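# Inside the fold
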Amino acid sequence: VISVEKDVENLSKNDEIEHAAKRIIAGEVVAFPTETVYGLGGNALSDKAIERIYEAKGRPSDNPLIVHIANMEQLSKYVEKIPSPAQKLMEAFWPGPLTIVLEHSGNLSPRVTANLSTVAVRMPDHPIALALIKASDIPLAAPSANTSGKPSPTTADHVYHDLNGRIPLIIDGGPTGVGVESTVVDCSTGEVIILRPGGVTKEQLEEVVGQVSEDPALYEKDLTPKSPGMKYTHYAPSAPLVLVDGGVDFFHRQVEEGVAAGKKVGVMVTEDNRGLFLEAHQEVVCGKRTDLSTVAQRLYESLRAFDKNNVDIIYSEVFPETAIGSAIMNRLRKAAGGQVIKE
Ligand code: TXA
Ligand code: MG
């Protein structure tokens, strides 16, 4: 683990970054911070490097990776054409937490795209990520730097916990900002379709391109998602997670029943409900209901916190599915394997 101060000038000439870039050029993989979550980066042109990413994460190889770029020249080498809505979205949100799926031109490792005709690309809004891409002068294929299926990493510690011994280098740039992954939109068909809700909200996208639709599989369990990664269980803590959609009394009853059944119960609540469920074995406070961006920021570290106490079951609040709440609920539903109890 090497620490890099993210606010210093001329980061791409920083010794640590240059060292990391050399490893990337040599075909190794390096974990690095982005504004959303930590990524595990490798040369997007090298089959061998991509192989190493899948191996370190234990990721199914039919789940394609996002290619991270630092400037528009890099993009033009790897995508066939840029439809006008995609162009507008890039101008509005790059660098930033938006990933755009486009037809690729065949110059990337086919392992990156899992043999699809499209590639997912984004320009991250983080000085260390951008400096690493510039210093290596290579587009970086990078999934989240966690063990496949676990909550994504928002600190270098999370990466270390999951991948220690499996990767040669972690760049520690402090906690990430957004806390949930980028929004993935498909722009390869002329339409704009959200495949994964994330850091840029549907409302923000609509302001720029008007009509935006969502992959119906995001809400219907029986449909096959257009984004291969969305079909896997994800973001899950070790104990089963149950989402409680109801008032405080209803929440209380779930906790009491769990405790009465002899279970160690964990509760994930917002500031507003802190200290309400005293019979629970562990309480994790995950931000403020009045500012859901704080919940997004703390979501994954909150889920990870339960693993330390070996609880048997976790009950969590639910959130309104507007703005960043859509991304939060998407991750929570996946982490819960669809287990929601309604009052
Ligand atoms: O914020 C993020 O996006 C983070 C940071 C590290 O940049 N990365 C990330 O990568 O979340 P990953 O691999 O965990 O998620 C990539 C998602 C998966 O759901 C994958 O299936 C989808 O993007 N994806 C990649 N290529 C695709 C394509 N050609 N068509 C549709 N979906 C694609
Ligand atoms: Mg991931």
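Everything discussed here concerns the structure shown above.
Residues numbered from 1 in each chain as written. Chains lettered and ligands numbered in written order. Predicted model: local features only at pLDDT ≥ 70, side-chain atom pairs only at ≥ 80, totals over all residues. Heavy atoms only, no water.

## Points about unusual backbone geometry
The omega torsion across W94 and P95 is -10°, close enough to zero to call that bond cis. If you trace the backbone, P95 turns up in the loop between helix 4 (84-93) and strand 5 (98-103). Positive phi outside glycine occurs at N10, with the angle close to 55°. Looking at the element boundaries, N10 is found in the loop between strand 1 (2-3) and helix 1 (15-25). (Helix = DSSP H or I, 4+ residues; strand = E, 2+ residues; numbered from the N terminus.)

## A closer look at the nonpolar core
By size, the foremost hydrophobic cluster in this structure holds 65 residues, and its most contacted members are I100 and I171. Ranked by residue count, the leading element in this core is helix 5 (residues 127-136), at 6 residues. Those residues in contact with I171 that lie beyond four places of it in its chain are I2, V4, I17, A20, V30, A31, F32, P33, Y38, I128 and L132. Counting residues in hydrophobic clusters, the runner-up holds 28 residues, among them M268, C286, L299 and V318. (Core = buried A, V, L, I, M, F, W, Y, C linked by side-chain atoms within 4.5 Å. Buried < 20%, exposed > 50% of the residue type's maximum accessible area, 1.4 Å probe, protein only. Contact = heavy atoms within 4.5 Å.)

## Points about the pairing of strand 9 (residues 183-186)
On a regular strand, one side chain projects to one face of the sheet and the next to the other, so that they alternate. Taking every second residue as pointing to the same face, both faces of strand 9 are buried, with T183 and V185 on one and V184 and D186 on the other. Pairing analysis gives 4 bridges linking strand 5 to strand 9, with the strands arranged parallel. Bridge pairing links L98 to T183 in strand 9. Where strand 9 meets strand 10 (residues 193-196), 3 bridges bridge the pair, whose relative direction is antiparallel. In the sheet register, V185 faces strand 10, and the bridge partner there is I194. The antiparallel pairing of strand 9 with strand 10 creates a hairpin that spans 6 residues between the two strands, and G190 there sits at a positive phi of about 100°. (Pairing = 2+ DSSP bridges.)

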